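Summary of the model geometry
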Amino acid sequence: MSGSPPRVIKKYPNRRLYDTVESRYITLADIRRLVIERVKFVVIERDTQLPITRAILLQVISEQEDQEGEPLMSEHFLEQVIRSYGAPVQRLVGNHL
(Lines give C-alpha, C1' and ligand atoms only; values in the text may rest on other atoms or scores of the structure.)
Protein backbone atom coordinates (compact mmCIF):
# COMPACT_ATOMS: atom_id res chain seq x y z
CA MET A 1 0.00 0.00 0.00
CA SER A 2 3.08 2.24 -0.18
CA GLY A 3 1.95 3.56 -3.57
CA SER A 4 -1.35 4.90 -2.30
CA PRO A 5 -1.93 8.66 -2.39
CA PRO A 6 -1.49 10.59 0.85
CA ARG A 7 -4.44 11.17 3.15
CA VAL A 8 -5.88 14.66 2.68
CA ILE A 9 -6.44 16.84 5.71
CA LYS A 10 -8.26 20.11 5.03
CA LYS A 11 -7.68 23.16 7.19
CA TYR A 12 -10.70 25.40 7.41
CA PRO A 13 -10.64 29.17 8.04
CA ASN A 14 -11.84 28.54 11.61
CA ARG A 15 -8.49 26.72 12.20
CA ARG A 16 -10.17 23.33 12.35
CA LEU A 17 -8.57 20.36 10.62
CA TYR A 18 -10.80 17.91 8.76
CA ASP A 19 -9.64 14.39 7.94
CA THR A 20 -11.26 13.45 4.63
CA VAL A 21 -10.61 9.73 5.15
CA GLU A 22 -12.16 9.48 8.62
CA SER A 23 -14.77 12.18 7.80
CA ARG A 24 -14.22 13.99 11.07
CA TYR A 25 -12.49 16.98 12.59
CA ILE A 26 -9.12 16.18 14.11
CA THR A 27 -6.63 17.86 16.44
CA LEU A 28 -2.88 18.40 16.39
CA ALA A 29 -2.65 15.33 18.63
CA ASP A 30 -4.29 13.34 15.83
CA ILE A 31 -1.75 14.75 13.36
CA ARG A 32 1.01 13.63 15.73
CA ARG A 33 -0.53 10.15 15.82
CA LEU A 34 -0.51 10.01 12.00
CA VAL A 35 3.18 10.94 11.99
CA ILE A 36 4.02 8.33 14.62
CA GLU A 37 2.06 5.69 12.69
CA ARG A 38 3.88 6.75 9.49
CA VAL A 39 0.64 7.55 7.68
CA LYS A 40 1.32 9.67 4.62
CA PHE A 41 -0.79 12.81 4.60
CA VAL A 42 -0.95 16.31 3.23
CA VAL A 43 -2.65 19.29 4.84
CA ILE A 44 -4.37 21.62 2.38
CA GLU A 45 -5.77 25.09 3.07
CA ARG A 46 -9.40 24.63 2.11
CA ASP A 47 -9.95 28.04 0.50
CA THR A 48 -6.68 28.36 -1.42
CA GLN A 49 -5.96 24.64 -1.94
CA LEU A 50 -2.32 25.38 -1.04
CA PRO A 51 -0.35 22.76 0.88
CA ILE A 52 0.44 23.80 4.47
CA THR A 53 1.72 20.51 5.86
CA ARG A 54 5.03 21.99 7.03
CA ALA A 55 3.28 24.72 9.00
CA ILE A 56 1.03 22.18 10.71
CA LEU A 57 3.99 19.94 11.55
CA LEU A 58 5.73 22.95 13.11
CA GLN A 59 2.62 23.52 15.23
CA VAL A 60 2.75 19.89 16.38
CA ILE A 61 6.41 20.33 17.36
CA SER A 62 5.65 23.55 19.19
CA GLU A 63 2.80 21.92 21.09
CA GLN A 64 5.02 18.97 22.05
CA GLU A 65 7.79 21.29 23.21
CA ASP A 66 5.32 23.14 25.44
CA GLN A 67 3.68 20.01 26.88
CA GLU A 68 6.53 17.62 27.53
CA GLY A 69 8.61 17.86 30.70
CA GLU A 70 12.07 18.58 29.32
CA PRO A 71 12.00 20.24 25.89
CA LEU A 72 13.95 18.52 23.15
CA MET A 73 15.02 21.86 21.66
CA SER A 74 16.64 24.46 23.89
CA GLU A 75 16.19 28.18 23.34
CA HIS A 76 19.82 28.33 22.22
CA PHE A 77 19.20 25.62 19.62
CA LEU A 78 16.11 27.40 18.30
CA GLU A 79 18.02 30.69 18.09
CA GLN A 80 20.76 28.95 16.09
CA VAL A 81 18.20 27.49 13.69
CA ILE A 82 16.63 30.93 13.16
CA ARG A 83 20.05 32.47 12.54
CA SER A 84 20.89 29.82 9.96
CA TYR A 85 18.09 30.89 7.62
CA GLY A 86 19.52 32.88 4.75
CA ALA A 87 23.08 32.17 5.89
CA PRO A 88 25.52 30.13 3.79
CA VAL A 89 25.15 27.26 6.27
CA GLN A 90 21.39 26.94 5.73
CA ARG A 91 21.74 23.93 3.42
CA LEU A 92 24.23 22.28 5.77
CA VAL A 93 21.94 22.74 8.79
CA GLY A 94 18.94 21.49 6.82
CA ASN A 95 20.81 18.38 5.67
CA HIS A 96 22.05 17.73 9.21
CA LEU A 97 18.59 17.95 10.74
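Residues numbered from 1 in each chain as written. Predicted model: local features only at pLDDT ≥ 70, side-chain atom pairs only at ≥ 80, totals over all residues. Heavy atoms only, no water.

**Side note on the confidence of the model for the chain**
Chain-level statistics for the chain give a pLDDT mean of 88 and a share of 88% at 70 or above. The weakest mean pLDDT in the chain belongs to helix H4 (residues 90–96) at 66; the strongest belongs to strand E4 (residues 41–45) at 98. (pLDDT = per-residue confidence, 0-100. Helix = DSSP H or I, 4+ residues; strand = E, 2+ residues; numbered from the N terminus.)

**A few points about the pattern of salt bridges**
One pass over the structure, following the stated rule, counts seven salt bridges. When the shortest N-O distance is used, the salt bridge between Asp19 and Arg7 registers 2.8 Å. Here Asp19, found in strand E2 (residues 17–19), pairs with Arg7, found in strand E1 (residues 7–11); they are twelve residues apart in sequence, far enough to count as distant. Glu22 is the salt-bridge partner of Arg24, the closest N and O atoms lying 2.6 Å from each other. (Salt bridge = Lys/Arg side-chain N within 4 Å of Asp/Glu carboxyl O.)

**Here's the deal with the environment of Val60**
The topology assignment puts Val60 in helix H2 (residues 53–67). Residue classification places Val60 among the buried positions, given a relative accessible area of 9%. Separated by 31 residues in the primary sequence, Val60 and Ala29 place their C-alpha atoms 7.4 Å from one another. (Buried < 20%, exposed > 50% of the residue type's maximum accessible area, 1.4 Å probe, protein only.)

**Here we look at the sheet that holds strand E3 (residues 24–26)**
Spatially, E3-E2-E1-E4 is the arrangement adopted by the four strands of the open sheet, whose pairing is mixed. In the strand order of this sheet, the two ends are held by E3 and E4, each with one partner. Strand after strand, the sheet turns through a mean of 35° between neighbouring axes, direction not considered. Against the sheet, helix H1 (residues 28–36) makes contact with E1, E2, E3 and E4, and its axis sits at roughly 90° relative to E3, the strand it touches most. Along the sheet face, H2 touches E1, E2 and E4 and points at about 105° away from the line of E4. (Pairing = 2+ DSSP bridges. Axes fitted to C-alpha atoms, helices over the stretch in contact; angles between N-to-C directions. Contact = heavy atoms within 4.5 Å.)

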